[in-house]
Amino acid sequence: MRIFNSPASYIQGPDALAQLAQLVQPLGTSAFVLTTSSGAQLVKQTIKNSFEGSTATCTFCIFDGECCTEAIERCAAEARAAGSDVVVGVGGGKALDAAKAIAHTLNVPVVVCPTAASSDAPTSTLSAIYTPEGAFDHYLHLRRAPDMVVLDTTVIAAAPVRLMVAGMGDALSTYFEARATAQAEGTTSAGGAPTQAALALAHLAFTILMDKGAAAKADLEAGRHTQAVEDIIEANTLLSGLGFESGGLAAAHAIHNGLTLLPETSGTLHGEKVAFGTLAQLMLEQAPAEELERVARFCIAVGLPATLEELGITDTSPEHLAAVAERACTPDGTMRNMPIAVTPAMVIDALRAADAYGKRQRE
């Protein structure tokens, strides 16, 4: 059975948050706005202004830290006490995942408002749950996709460029993981077989990254809000989000989950680890040389990690990487969607091979 999930509405454009109350009002009358400290500094006043004169009200909750079970339960209790009937998540990936999980707990609608295009999480029916210490724990499967995704591209374009680049790293894996899942006749996060629509969207995301990723980064660094920037925001968020969920995850994200176990990777972003996981997946697949080179060159051009050292890992011995490989190959993980049977020893070899290849490409 093929299944395709998507948010009910996707809205992208400059100054979109100025209309948030108008957008939220059909979903509920009391919004629980979950945001980070940095997100509040950026957009709290804009959001408050949008609710002036509206029949809907809003209550703010500051969420800093990990998207862990304890934090979700605490914030859900606050939202319940406030009488909130819709949750609005504003911020980065972990805050958005927390907002989705809180809405799932309360069984109320959720509106997702990223302040950076740093991952493809906003559109999905998943929340990535971590331990309080920051290690990946499990995926929470939600009842449905977000009711609405709102991207204020004025805010997103002003975010640190590294965040947009990390989003490119997350999106980079989408086509290759969906392709692997289809070849393996695997199961997607949506709970079925990959759809042709998801595979097409995943490939389109990859095409846009290759064609416009470097230009978008240069534009952002120069303070230019261009069509390339808008297209990369859409590729990072909508195309990659729909592509991964209904196309499938495979080795790249499984390896990311393993990499979170190493304390030295704590300073790197989700998409940065996923990008290197993509190189490792291509090694596992023995991908054509042209494809491997294209992906590695893209990573280098936009500033994504192409070596383990760039993830903070200086000890590349098999012994040090064993925990990563074991976690990547857990039976309930996404490595099962590879078209070949993958063992921890194969993952260690792929990590070391990708590292060596990245070093050669940088010479």
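Below, the structure is looked at part by part.

Definitions and limits used
- Residue numbering note: each chain is counted from 1, following its sequence as written.
- Reporting in this predicted model follows two pLDDT cut-offs: at least 70 for local features of residues, and 80 or more for side-chain atom pairs to be given and counted; totals over whole chains, interfaces and linings ignore these cut-offs and use all residues.
- Neither water nor hydrogens contribute to the side-chain values; these are computed over all heavy atoms in the structure.
- In this description a helix means any DSSP run of H or I spanning at least four residues, a strand means any run of E spanning at least two, and both kinds are numbered starting from the N terminus.
- Relative accessible area decides the class of each residue, using a 1.4 Å probe on protein chains only: under 20% of the type maximum gives buried, over 50% gives exposed, and in between gives partly exposed.
- Two residues form a contact once any of their heavy atoms are found within 4.5 Å.
- In short, Shrake-Rupley with a 1.4 Å probe defines the accessible areas, and a residue's cover is counted only from the protein chains shown.
- Neither His nor the chain ends is counted toward charge; the positive residues are Lys and Arg and the negative residues Asp and Glu.
- For the purpose of locating charges, the reference atoms are NZ of Lys, CZ of Arg, CG of Asp and CD of Glu.
- For this analysis, a polar contact is any N or O atom pair within 3.5 Å, provided that within protein one partner can donate a hydrogen and the other can accept it, and provided that sequence-adjacent residues contribute only side-chain to side-chain pairs.
- A strand pair is defined by DSSP finding two or more bridges across the two strands.
- Axis lines are fitted to C-alpha atoms, over the contacting stretch for helices. Their N-to-C directions set the angle, which ranges from 0 to 180 degrees.
- What sets the label is the angle itself: under 35 degrees gives roughly parallel, over 145 gives roughly antiparallel, 65 to 115 gives roughly perpendicular, and the rest give oblique.
- Crossing handedness follows the turn of the near helix against the far one: under a right angle anticlockwise gives a left-handed crossing, and clockwise gives a right-handed one.
- Side-chain classes follow a simple rule in which Ala, Val, Leu, Ile, Met, Phe, Trp, Tyr, Cys and Pro form the nonpolar group, Asp, Glu, Lys and Arg form the charged group, and the remainder, Gly included, forms the polar group.
- For this document, the term salt bridge refers to a Lys or Arg side-chain nitrogen within 4 Å of an Asp or Glu carboxyl oxygen.
- Residues are said to line a cavity or pocket when one of their atoms sits within 4 Å of a point; the points come from a 1 Å grid over protein atoms alone, cavities being sets where a 1.4 Å probe fits but cannot get out and pockets being open sets with protein on both sides within 12 Å along at least five of seven lines.
- Grid points are joined across faces, edges and corners, and a volume is the space filled by probe spheres set on the points.

Along the protein chain, the regular secondary structure elements total 13 helices and eight strands. With respect to the three principal axes, the spread of C-alpha positions in the protein chain is 60 × 40 × 40 Å. By residue count, 59% of the 363 residues in the protein chain fall in the buried class. Within the protein chain, residue pairs in contact and separated by at least 24 positions form 79% of the contacts whose partners lie at least 6 positions apart. Counting only carbon and sulfur atoms, one obtains 51% of the accessible surface of the protein chain, whose full area is about 13800 Å². For the protein chain, the distance from the average position of its 23 positive side-chain charges to the average position of its 39 negative side-chain charges is 1 Å.

Turning our attention to the side chain of threonine 35. On the secondary structure map, threonine 35 appears in strand S2 (residues 30-35). Here threonine 35 falls in the buried class, since its relative accessible area comes to 2%. A polar atom in the side chain of threonine 35 sits 2.9 Å from the backbone oxygen of valine 90. Setting aside chain neighbours within four positions, we find threonine 35 in contact with Ala40, Phe60, Cys61, Ile62, Phe63 and Val90.

What the six strands build is an open sheet, ordered S1-S8-S5-S4-S2-S3; its pairing is parallel. Each end of this open sheet is capped by a strand with a single partner; those strands are strand S1 (10-13) and strand S3 (57-62). Each strand of the sheet is rotated relative to its neighbour by a mean of 15 degrees, with strand direction disregarded. As judged from the four bridges shared by S1 and strand S8 (residues 148-152), these two strands associate in the parallel manner. The residue bridging tyrosine 10 from the neighbouring strand is valine 149, located in S8.

This next bit is on the packing of helix H6 (residues 161-184) against helix H11 (residues 289-302). At a minimum axis distance of 10 Å, the contact between H6 and H11 shows a crossing angle of 165 degrees. One finds that H6 runs roughly antiparallel with respect to H11. The way H6 lies across H11 gives a crossing that is left-handed. Judged by residue contacts, Val165, Met168, Leu172, Phe176 and Arg179 of H6 engage Glu291, Val295, Phe298, Cys299 and Val302 from H11. Of the residues assigned to the contact of H6 with H11, the class counts are eight nonpolar, no polar and two charged.

Before going further, it helps to examine the pattern of salt bridges. Charged atoms that come close allow side chains of opposite charge to pair. Under the criterion given, the structure shown has 11 salt bridges. Put simply, arginine 162 and glutamate 272 hold a salt bridge, and the shortest N to O gap is 2.7 Å. Taken together, the residues arginine 162 in helix H6 and glutamate 272 in helix H10 (residues 270-285) connect sequence positions 110 residues apart. On the accessibility criterion, glutamate 272 (7% relative accessible area) is buried. Look at the salt bridges and you will find they share partners, linking Arg179, Glu285 and Glu291 into a network.

As a further point, take the pairing of strand S4 (residues 86-91). For a regular strand, side-chain orientation follows a simple rule: the groups alternate between the two sheet faces. Here S4 lies mainly inside the structure; six of its six residues are buried. Side chains Val86, Val88 and Val90 project from S4 onto one buried face, and the interleaved Val87, Gly89 and Gly91 project onto a second face that is buried too. In this sheet, S4 lies alongside S2 in parallel orientation, the contact comprising five bridges. Within S4, the position partnered with threonine 35 by the bridge is valine 90.

Turning our eyes to something else, we now look at the layout of surface pockets. Space inside the second largest pocket adds up to approximately 370 Å³. Surrounding the second largest pocket, 20 residues form its lining, Tyr139, Asp332, Gly333, Thr334 and Arg336 being those nearest its centre. Every element with two or more residues in the lining of the second largest pocket is listed here: strand S7 (136-141), helix H9 (251-259) and helix H12 (318-328). Looking at the lining of the second largest pocket, the element that brings in the most residues is S7, giving five residues. Counted by class, the lining of the second largest pocket contains six nonpolar, 10 polar and four charged residues.

These figures capture arrangement, not role.
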